Amino acid sequence: MTYAITQTCCNDATCVAVCPVNCIHPAPGEADFGTTEMLYIDPETCIDCGACADACPVDAIFPADRLSARLREYEAINAEYYADRTPAPATASPTFHAWGAPSFHRSLPSDFAPLRIAVVGTGPAGMYAAEDLLLHTDAEVTLIDRLPVAGGLVRYGVAPDHPATKGAGETLARFHAHPRVRMRLGVEIGKDVTAEEVAAHHDAVIYAVGAPSDRRLGIPGEDLPGSVSATSVVSWYNAHPETGADAVRLAAERVVVVGNGNVALDVARVLVTDPADLAGTDIADHALAALRAHRVREVVLLGRRGPEHAAYITSELLALKHLPGVDLVVDDHDPRVGAAVDAAGSREKAALLRGVARETVDWTRAPAPDRRRIVLRFHSAPVEALGTDGVRAVRVTEDGSPSGTEIGAGLLVRAIGYRGVPLAGLPFDEATGTVPHEAGRVTGLPGGYVVGWIKRGPSGGIGANRACAEETVGTLLADAVAGALPTPKGTEREFRRLARSRSRHLVDARGLAAIDRTERARGQASGRPRVKLATVPELVAAARGGRRRRKV
C-alpha cells in the first residue's frame, strides 16, 4: 500500500532526500519544485518503506489505507498529480544514484578559519540558514531576535489548530542548543544596536526579518475601531507579546474578512471553531476567553475575483469543508460564481467548491443562532466600513456597483497580504517591500545577506525557506572563499557585552530553555501542549527565573 502526503505538507523536501526509489515529486532541481502547493507521492512506484513518514517534520505523510475520513481525499490528490506525468527515473535517489565527482557547493576549504555569522531573525528562514551553516561548515552562529523568545512565524503565525505544522519549529529548534550557536534574544536592530555594530562583530550578517507589516484596503472607515489587519488577529490568538489582549474585539456574531488566501482561511476557521476544540491547543488564553464569551456565528470571506482565481491552496479549503459543526456556503449572488464552479476541470481551483452549498444570502438577516458557518463571497470587494464608534457594517460591491450591498458586521479583517518594512542600515525597495539583493547578497552592503520574505517577498510557506536559505548561504560562502567579506573589528565576547549593556530584555539559550519549560509546565497542568507567556515581562521573568533556580 502506498503512502500519501496530506494537508500539512511543508514543501521543504526532507522526504525527497530519504526516498530510496525517487517517488516523491516535484523534487529540488525539477522545474516545478517550489511552485506546487505540496509534494506528491507516486502510488505506482512507492514501495511502502515509510522512510518519508519517518523524516517528515510536520507529520504530513501516512499510509493511504490508514487515512482518516478527513484526509482520505489526499490519496486521490497524490495519484492525480501523476495522471499525465511520466515520473523521472530514480537517478537522484540515495539508492539509485549515478555517482560522479563529489560536490560540496555549500562548504569551505578545510584550512579556512571558522566564520562568525550573525542571523537576524529566528523564524523558519533564519533557522534554515543557521542549519545550513552549522551542517556544512564550522561557522559560529549568533542568533539575534528583537523578541525575547525564538520561533518567528512558526510560533506566532501558524494557527493553533495546526499543531503538526508547528512541528517544523520543533525540528529547527534543536539548533538553539548547538555548541556553535550563541543566542541574543530581545535585541532589536536599529534600536538596541545598529546594523553597523552587528556587522563590526561578525564576518557576515544574514537578515531574516520577514514581512511584518500588512497591506491596507484604502477605503473610508478603515481606521475605525473594529477594523484590523489579519496580522493583528493572528498575533492576537497566538499570544504575540506586542499584541495586547484587547487588540481584537468580538462585538458581533458576524465578521467580514477581506481576502481568500491561506491566512484569511486561518482567521475564519479559528473564529468559528468551537472553543472547546481550541482549548486543547496553544491558543492564547485571552483569545480563548474572548471566543467563549462572544461566539462568532458567521465569517464572510470576500474575494475580489472569482473562485477560479482564489488564492488559498487546496488543503486549506478542504480543511474548511471538514470543519466539525461549521457549514461552508458559497454566496450565489453573481451568476459567474456558479458558472465557474460547474465548468471547472477536476484540477482547477474552482472545482474544489463543487458540492459546496450555494445560497443567495439575505444580508438583512442576522446569522442563524444555532449554526456556525463560513460564507465565500466572490466577485465582491469592500467599498466602505460603516460606523461611528466602531465598525457596524461593511459595504461591498454588487454586480460591479460600488453602491452595492451592506453586510452587518462588528469586525472587519483585512487579509490581503504581508509586506516587508525598512530596516535601518539596509537598502529597501518600496515598490516590492523587499531588500534589493543578488542571490541573497544585499546590494551595496558587503557582508550583508537576506533570506526569506524580506528577500523574495511574502510568498511560499515554511518549506520554501530551505531552498531560499541554501541559495543565500551558497552566495555567502562563495564570497568568503573569494575574500569578499569585510574583516570584523570586534569579537563575539565584545558583542555579547554590547548587547547586555543595550538591552533590558536579553535572553540567551539557557533563558530560552527556561521559557520553554515554563510554558510546557503550564500546559501540562491544563491538558495543553503549552500555555504561552503573552507579554515581554512574563517571558523575561521566566527566562531569568529558570536560570536562578538552576544556580540554587
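For the structure itself, consult the block above.
None of the values given here were measured: they were computed from a predicted structure. (Residues numbered from 1 in each chain as written. Predicted model: local features only at pLDDT ≥ 70, side-chain atom pairs only at ≥ 80, totals over all residues. Heavy atoms only, no water.)

A.B. asks: Looking at this structure, how should I read the overall build of the protein?
C.D. replies: Regarding its fold elements, the protein presents 18 helices and 23 strands. Here the C-alpha radius of gyration of the protein, 24 Å, is about what a compact globule of 552 residues would show, namely 24 Å. Overall size of the protein, expressed as C-alpha extent along the three principal axes, is 70 × 60 × 50 Å. Counting all 552 residues of the protein, 54% fall into the buried class. Summarising the internal contacts of the protein: among those between residues at least 6 apart in sequence, 75% fall at separations of at least 24. Summing over all exposed atoms, the protein offers an accessible surface of approximately 23700 Å²; the carbon and sulfur share of this is 52%. (Helix = DSSP H or I, 4+ residues; strand = E, 2+ residues; numbered from the N terminus. Rg over C-alpha atoms; globule rule 2.2 N^0.38 Å. Buried < 20%, exposed > 50% of the residue type's maximum accessible area, 1.4 Å probe, protein only. Contact = heavy atoms within 4.5 Å. Areas by Shrake-Rupley, 256 points an atom, 1.4 Å probe, with all protein chains shown as cover.)

A.B. asks: Would you explain helix H12 (residues 314–321) in this entry?
C.D. replies: Think of an α-helix as 3.6 residues a turn; residues three or four steps apart then line up on the same face. With seven of eight residues buried, H12 lies mostly within the body of the structure. Residues Thr314, Ser315, Glu316, Leu317, Leu318, Ala319 and Leu320 constitute the buried set of H12. Here the buried face of H12 lies against helix H3 (73–81), helix H9 (262–272), strand E13 (326–331) and strand E15 (372–377).

A.B. asks: Sorry, what's going on with the sheet that holds strand E18 (residues 401–408) here?
C.D. replies: Pairing is antiparallel across the open sheet formed by three strands, whose spatial order is E16-E17-E18. Each edge of the open sheet carries a strand with a single partner, namely strand E16 (382–386) and E18. The average undirected angle you get between the axes of adjacent strands in this sheet is 30°. The pairing of strand E17 (residues 393–398) with E18 spans five bridges and is classified as antiparallel. Counterpart to Val394 in the pairing with E18 is Ile407. (Pairing = 2+ DSSP bridges. Axes fitted to C-alpha atoms, helices over the stretch in contact; angles between N-to-C directions.)

A.B. asks: Would you take a moment to explain the packing of helix H4 (residues 124–136) against helix H15 (residues 464–481) for this structure?
C.D. replies: Helix-helix packing is characterised by the crossing angle of the two axes and by the distance between the axes. Interhelical geometry of H4 versus H15 gives an angle of 50° and a closest axis separation of 8 Å. Classified by the angle their axes make, H4 and H15 are oblique. Relative to H15, H4 is oriented so that their crossing is right-handed. Together, Pro124, Ala125, Tyr128, Ala129, Glu131, Asp132 and Leu133 of H4 and Asn465, Arg466, Ala469, Glu470, Val473 and Leu477 of H15 make up the contact between the two elements. (Parallel < 35°, antiparallel > 145°, perpendicular 65-115°, else oblique. Left-handed = near helix turned anticlockwise from the far one by under 90°.)

A.B. asks: Honestly, the nonpolar core in this entry has me stumped. Any pointers?
C.D. replies: One recurring pattern in soluble globular proteins: nonpolar side chains tend to sit buried together. Counting residues in hydrophobic clusters, the biggest one holds 125 residues, and the most contacted among them are Ile24 and Tyr237. Among all residues touching Ile24, those that are not within four sequence positions of it are Ile5, Cys15, Val16, Cys19, Leu39, Tyr40, Ile41, Cys52 and Tyr82. Membership of the second largest hydrophobic core comes to 21 residues, among which are Val205, Val435, Leu498 and Ala499. (Core = buried A, V, L, I, M, F, W, Y, C linked by side-chain atoms within 4.5 Å.)

A.B. asks: Looking at this structure, I do not really get the sheet that holds strand E11 (residues 254–258). What am I missing?
C.D. replies: What links the strands of a sheet is backbone hydrogen bonding, and the strands pair in either a parallel or an antiparallel sense. Ordered by their spatial adjacency, seven strands build an open sheet running E10-E19-E11-E12-E15-E13-E14, and the pairing between neighbours is parallel. Sheet topology places strand E10 (227–229) and strand E14 (357–359) at the edges, where each strand pairs with a single neighbour. Each strand of the sheet is rotated relative to its neighbour by a mean of 25°, with strand direction disregarded. Relative to E14, E13 runs parallel, the two sharing three bridges. Paired with Val329 across the two strands is Ala357, which belongs to E14. Strands in contact with H9 are E11, strand E12 (298–302), E13 and E15; relative to E12, the strand with the most contacts, it is inclined by about 170°.

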